[in-house]
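# A look at the structure
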Amino acid sequence: ISGAVLAAIFKQATALALGGGYGLFKEWFGKSINFWDVEHRYASTMFFNIFASFGTSVLMYTNKMDSIDPEIIESAHLDGADGVKEFWYIILPQAFSIVQVFLMTGFAAIFSNQLNALMLFDYELGKDIQTVGYMLWRGVTRAGGNITQMNRFAALGLIITIIIVPLTFLLRWTMQKVGWKEE
């Protein structure tokens, strides 16, 4: 499902569950809340991003976990490994490549991700919910084709790239040196 469709479904579902005085939240707790007002919009954005990424994460983790040979786990149990040792010495080393992918893409997205704010909220966001990616997009759209105003946003984009690319490669190198190896 595209992000825009998922955002529309999420907004409708939260409106039905929480809003209008008829929501389930009011029925259960006696209080109605607006998930999208200024007080709650940062939390609602974080909740939506977890909700939106849940499907991909589950598919990728499940696929990786299915590739772990059950005989290895059974062998560890026969050797006396408990659940913690099984996770630390068998599961995590086998699944570390997928953990590495999620950590690296999450780290690289720190400066560029707009956290789906454009799909969840109106065109203008308060400073409490803005990200660097949203700020760059907003600045370029406000410039309206005026090249003299876009120079600073282009420079900021290059500076962010100069910062994040080496840091991402450093993270990758560190994870390859320190992290678990699949054997």
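Residues numbered from 1 in each chain as written. Predicted model: local features only at pLDDT ≥ 70, side-chain atom pairs only at ≥ 80, totals over all residues. Heavy atoms only, no water.

### Regarding the environment of Ile129
- Locating Ile129 in the fold gives a position in the loop between helix 6 (117–120) and helix 7 (132–143).
- The spatial distance from the C-alpha of Ile129 to the C-alpha of Arg41 is 7.5 Å, given a sequence separation of 88 residues. (Helix = DSSP H or I, 4+ residues; strand = E, 2+ residues; numbered from the N terminus.)

### Details of a nonpolar patch on the surface
- Nonpolar side chains collect at one region of the surface, where Ile159, Ile163, Leu167, Leu170 and Trp173 lie side by side and expose about 470 Å² of accessible area between them.
- When you line up the elements, Ile159 lands in helix 8 (residues 147–178).
- We classify Ile159 as partly exposed; its relative accessible area is 45%. (Patch = residues over 30% accessible without salt bridge, like charges linked within 9 Å, V, L, I, M, F, W, Y side chains within 5 Å. Areas by Shrake-Rupley, 256 points an atom, 1.4 Å probe, with all protein chains shown as cover. Salt bridge = Lys/Arg side-chain N within 4 Å of Asp/Glu carboxyl O. Buried < 20%, exposed > 50% of the residue type's maximum accessible area, 1.4 Å probe, protein only.)

### Remarks on the side chain of Gln100
- Tracing the backbone through its elements, the reader meets Gln100 in helix 5 (residues 83–108).
- Take Gln100: its relative accessible area is 14%, and that puts it in the buried class.
- Every residue in contact with Gln100, bar those within four places of it in the chain, is listed here: Arg172, Met175 and Gln176. (Contact = heavy atoms within 4.5 Å.)

### With respect to the packing of aromatic side chains
- This structure, assessed with the given rule, holds six aromatic pairs.
- Both rings, one in Phe10 and one in Phe47, keep their centres 5.7 Å apart while their planes meet at 40°; by these two values the pair is tilted. Of the two residues, Phe10 sits in helix 1 (residues 3–18) while Phe47 sits in helix 3 (residues 41–66), which places them 37 residues apart along the sequence.
- Given a relative accessible area of 46%, Phe47 falls into the partly exposed group.
- Summarising the aromatic geometry, the rings of Tyr61 and Phe102 are spaced 5.1 Å apart at their centres and angled 35° between planes, so their arrangement reads as tilted. One end of the pair, Tyr61, is in helix 3; the other, Phe102, is in helix 5, with 41 residues separating them in the sequence. (Phe/Tyr/Trp six-rings, centres within 6.5 Å; stacked < 30°, edge-to-face > 60°.)

### Overview of the confidence of the model for the protein
- When pLDDT is averaged across the protein, the result is 81; 84% of the residues are at 70 or more.
- Across the protein, helix 4 (residues 70–78) holds the top mean pLDDT of 91, while helix 2 (residues 24–29) sits lowest at 62. (pLDDT = per-residue confidence, 0-100.)

### Things to note about the environment of Ser112
- As for its position among the elements, Ser112 is in the loop between helix 5 and helix 6.
- Each C-alpha atom of the pair Ser112 and Gly157 lies 9.0 Å from the other, and the pair is 45 residues apart in sequence.

### Describing the layout of surface pockets
- Taken as a whole, the largest pocket holds about 390 Å³ of empty space.
- For the largest pocket, the lining is made up of 15 residues, of which Ser53, Thr105, Gly106, Ala109 and Asn113 are closest to its centre.
- Among the elements that line the lining of the largest pocket, the one with the most residues is helix 3, at seven residues.
- Looking at the lining of the largest pocket, its residues break down into eight nonpolar, seven polar and no charged. (1 Å grid on protein atoms, 1.4 Å probe; cavity = no way out; pocket = protein on both sides within 12 Å on 5 of 7 lines; lining within 4 Å. Points joined across faces, edges and corners; volume = space filled by probe spheres on them. Nonpolar A, V, L, I, M, F, W, Y, C, P; charged D, E, K, R; others polar.)

### A look at the nonpolar core
- In terms of nonpolar packing, the biggest core is built from 10 residues, these being Leu6, Ala7, Phe10, Phe48, Ala117, Leu120, Phe121, Leu125, Ile129 and Tyr134.
- The leading source of residues in this core is helix 1, at three residues.
- Counting residues in hydrophobic clusters, the runner-up holds five residues, among them Ile68, Ala76, Ile90 and Ile91. (Core = buried A, V, L, I, M, F, W, Y, C linked by side-chain atoms within 4.5 Å.)

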